[in-house]
Amino acid sequence: MPTKLQLFDTLSRSLHPIKVKDGDSFRFYCCGPTVYGPAHIGNFRTFLVQDVFRRTLEVAGIKTHHVRNITDVDDKTIRQSQAEGVTLKDFTDKWTQKFHEDCAQLNMLPPHEEPSAVQHIPQQIELIEQLIECGHAYTAEDGSVYYKVSSFKNYGKLAHLDPQALKTQSTSSSGATNLADEYERESINDFALWKAKKPEDGPNAWPSPWGEGRPGWHIECSAMARHYLGDTLDLHAGGIDLIFPHHENEIAQTEAVTQKPLAHHWLHSAHLQVEGQKMSKSLGNLYTLEDLKTQGHSPAAVRYLLISGHYRQPLNFTADGLKAANSALQKLEKLIKSLLEQANKYPSDWASYVKPDIKAWGIFQSAWDSLCNDLNIPSALGHIFSSSREIGQTTEEKSHTLLQALGGLIYALGLPLFETPEKVAIPDSIQKLAAARWQAKQNKDFKASDEFRDELLKHGWQVLDQKEGYTLEKKP
Ligand code: AMP
Ligand code: ZN
């Protein structure tokens, strides 16, 4: 049954089998959000790819150990918390909580660990001390510590940088940009591991062997990944903008100390775009989940849209795309409802099918194969729809088997079917009308029952009778 799972690796630029190398679980680290405002749906595209990846591993029978960090100390969190006159902790707690709420609405599995930079200052200091000891880092006069890029011979291997270009850049390091920036760096390529306290940091500084300050951004992931998952990860993930410099710097930091590869595999997802440009806060072209919910879209449709493109291709965000995602979800729900009826089950039984242990894929084998082949979600979705057209009338037992396979695929995709807010949030007045119609029908008062049905339709709600009971559907 299990097809071999393979994925494109950014470092080797080729497809590689995904398997556990050491121990009993697949250990992977995802760079998490910087919590200084709501995450936008571009961020969520990346986190959702990682979520489907994890779910697919679970369906393939592979145990996972998933770590995703919270970046809660950097220029933006410090600046913004001060502008609002609140402590860094209160500020970042608020946005971390909002992030968790959005993740839950998008049906994302919480990582097994979610460490934050502020909670791991000692681990970061220890790693910086090791880097100084082995000659890969140096202290500047103001108490900052920098990584000496020229000391690491493989620098640039992930981003495939030209070593000659790097050398030329570092010898011209007395340029204006360098002077304007952190002038105590020996080379323009060197990056900060520890930043000495500045007046604008306010109270946000921690003691260290080099004086008060705070960690640079890149060191937190090297330190926390190593702390939770060991020297070499099975996989490290993020959006493509993290390849350089963030992941390149993580490699330089960790590998200089451990002399081992930081990760066996590098997974990077392409950007969500708006009119051909990356969705980002700086361009002001972003949408949050909240924005889209206010416009009447369900989190399920947002999830569907964000996972529906191949993760290595940019995905363009449009309102039409969201509408199409909603129709696709309705099609899936219709298919599942009909299978449930044929299997003599109720809609409420669907949840029991959505799980990772699958015995046979049957007609859905090609959909599963697509997921295993470089996480090809659009192809998997295409196969689900084309295979279901073959089903037609079937026996109770066969419907049950089909539902099991479909439940495995929907678990991998994490689509929250039958849970869209339109369906969950049924107004009280509508619930009462529907209950009255049901009662009239039980009493065989079909005239009254029809009147209640028409009244519900007038309010935009359709009653669908099941073998026992009924469901309500909001008409678009
Ligand atoms: P940040 O909070 O900026 O550190 O970003 C969190 C994650 O979102 C990182 O993995 C980024 O690479 C990713 N990301 C940022 N913008 C986009 C975008 N427009 N599309 C997809 N991923 C993105
Ligand atoms: Zn990171």
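As a reminder, the structure under discussion sits directly above these lines.
The notes below deal with the structure included here. (Residues numbered from 1 in each chain as written. Chains lettered and ligands numbered in written order. Predicted model: local features only at pLDDT ≥ 70, side-chain atom pairs only at ≥ 80, totals over all residues. Heavy atoms only, no water.)

Another point: the overall build of the protein. Regarding its fold elements, the protein presents 18 helices and 15 strands. Once the C-alpha set of the protein is aligned to its principal axes, its extents read approximately 90 × 50 × 40 Å. Out of the 476 residues in the protein, the part that is buried amounts to 51%. Intrachain contacts of the protein at a sequence separation of at least 6 include 76% that bridge at least 24 residues. Accessible area of the protein: about 21,600 Å², with a carbon and sulfur share of 52%. Looking at the protein, you have 51 positive and 60 negative side-chain charges, and the mean spots of the two groups are 6 Å apart. (Helix = DSSP H or I, 4+ residues; strand = E, 2+ residues; numbered from the N terminus. Buried < 20%, exposed > 50% of the residue type's maximum accessible area, 1.4 Å probe, protein only. Contact = heavy atoms within 4.5 Å. Areas by Shrake-Rupley, 256 points an atom, 1.4 Å probe, with all protein chains shown as cover. Lys, Arg positive; Asp, Glu negative; His and termini not counted. Charge placed at Lys NZ, Arg CZ, Asp CG, Glu CD.)

What follows is about the coordination of the zinc ion (ligand 2). On the protein side, the zinc ion (ligand 2) has Cys 31 (SG), Cys 221 (SG) and His 246 (NE2) as donor atoms, found 2.0 to 2.2 Å from it. Binding-site remark: the zinc ion (ligand 2) is held by donors from one chain whose sequence spacing is C-x189-C-x24-H. Linking Cys 31 in the loop between strand S3 (26-30) and helix H1 (41-59) with Cys 221 in helix H7 (residues 217-229), this pair joins segments that are 190 residues apart in sequence. Each member of the pair, Cys 31 as well as Cys 221, carries the same accessibility label: buried. (Donors = N, O, S within 2.8 Å, 3.2 Å for Na, K, Ca; no water.)

This part is about the packing of helix H14 (residues 377-388) against helix H15 (residues 396-413). Running from N to C, H14 and H15 cross one another at 150°; their axes reach a closest spacing of 12 Å. Considering the angle they form, H14 stands roughly antiparallel to H15. When the axes of H14 and H15 are compared, the crossing they make is left-handed. Where H14 abuts H15, its residues Ile 377, Leu 381 and Ile 384 lie against Leu 406, Leu 409 and Leu 413. Classifying every residue of the contact of H14 with H15 gives six nonpolar, no polar and no charged. (Axes fitted to C-alpha atoms, helices over the stretch in contact; angles between N-to-C directions. Parallel < 35°, antiparallel > 145°, perpendicular 65-115°, else oblique. Left-handed = near helix turned anticlockwise from the far one by under 90°. Nonpolar A, V, L, I, M, F, W, Y, C, P; charged D, E, K, R; others polar.)

Attention now moves to the sheet that holds strand S4 (residues 64-68). Taken together, the four strands give an open sheet; going across it, the order is S4-S3-S9-S10, and neighbouring strands pair in parallel fashion. One side of each edge strand has no neighbouring strand; the edge strands of this open sheet are S4 and strand S10 (266-269). Neighbour-to-neighbour, the strand axes of the sheet open up by a mean angle of 20°, direction not taken into account. In this fold H1 packs onto S3, S4, strand S9 (235-239) and S10, with an angle of close to 175° to the strand it touches most, S3. (Pairing = 2+ DSSP bridges.)

Glancing now at H14. Taking 1.5 Å per residue, twelve residues should reach 16 Å; H14 reaches 16 Å between its end C-alpha atoms and fits that length. Within H14, the full set of buried residues consists of Ile 377, Ala 380, Leu 381, Ile 384, Phe 385, Ser 387 and Ser 388. Close packing links the buried residues of H14 with H1, helix H10 (299-307), helix H11 (319-342), helix H13 (365-372) and H15. The residue sitting at the N-terminus of H14 and contributing the capping side-chain oxygen is Asn 376; that oxygen lies 3.1 Å from the backbone nitrogen of Ser 379. (Expected span 1.5 Å × (residues − 1). Polar contact = N/O pair within 3.5 Å; in protein donor to acceptor, adjacent residues only side chain to side chain.)

A few words on the packing of helix H4 (residues 121-133) against helix H8 (residues 243-258). Running from N to C, H4 and H8 point in directions that differ by 65°, and their axes come no closer than 10 Å. One finds that H4 runs roughly perpendicular with respect to H8. Note on packing geometry: the crossing formed by H4 with H8 is left-handed. Of the residues in H8, those in contact with Leu 127, Gln 130 and Leu 131 of H4 are Gln 253, Ala 256 and Val 257. Of the residues that constitute the contact of H4 with H8, the class distribution is four nonpolar, two polar and no charged.

This next bit is on the site of ligand 1. The immediate surroundings of ligand 1 are formed by 17 residues, with Gly 42, Thr 46, Asp 241, Leu 272 and Met 279 found nearest. For ligand 1, a nitrogen atom lies 3.0 Å from a polar atom in the backbone of Gly 42. A distance of 3.1 Å is found between an oxygen atom of ligand 1 and a side-chain nitrogen or oxygen belonging to Asn 43. When ligand 1 is considered free in solution it has 490 Å² of accessible area, and contact with the protein chains removes 90% of it. Mapped onto the shell around ligand 1, the elements with two or more residues apiece are H1 and S9. (Near = heavy atom within 4 Å.)

Strand order in this open sheet of three strands is S12-S11-S13, and the pairing throughout is mixed. Of all strands in the sheet, those bounded by a partner on one side alone are strand S12 (277-278) and strand S13 (315-316). Judged from the two bridges that link them, strand S11 (residues 272-274) and S13 form a sheet pairing that is parallel. Each bridged residue has a counterpart across the sheet, and for Gln 273 the counterpart in S13 is Asn 316.

Applying the stated rule across the entire model yields 13 aromatic pairs. Relative to Phe 53, the ring of Phe 26 lies with its centre 5.9 Å away and its plane at 70°, an arrangement referred to as edge-to-face. Taken together, the residues Phe 26 in strand S3 and Phe 53 in helix H1 connect sequence positions 27 residues apart. In this structure Phe 53 comes out as buried when scored by relative accessible area, which is 2%. Ring pairs connect the aromatic residues Phe 26, Phe 28 and Phe 53, which therefore count as one cluster. For Arg 68, the ring lying beneath its charged end belongs to Phe 47, and the centroid distance is 5.4 Å. (Phe/Tyr/Trp six-rings, centres within 6.5 Å; stacked < 30°, edge-to-face > 60°. Lys NZ or Arg CZ within 6 Å of the ring centre and 35° of its normal.)

Moving on, we come to the pattern of salt bridges. Here the structure, examined in full by the defined rule, presents 27 salt bridges. Residue Asp 234 is joined to Arg 27 by a salt bridge in which the shortest nitrogen-to-oxygen separation is 3.7 Å. Placement of Asp 234 in the loop between H7 and S9 and of Arg 27 in strand S3 is noted, with a sequence separation of 207 residues between them. With a relative accessible area of 11%, Arg 27 lands in the buried category. As a salt-bridge pair, Glu 290 and Lys 98 come within 2.6 Å of each other at their nearest N and O atoms. Linking Glu 290 in helix H9 (residues 289-294) with Lys 98 in helix H3 (residues 88-105), this pair joins segments that are 192 residues apart in sequence. Via salt bridges that share partners, Lys 98, Asp 102, Glu 290 and Lys 293 belong to a single interconnected network. (Salt bridge = Lys/Arg side-chain N within 4 Å of Asp/Glu carboxyl O.)

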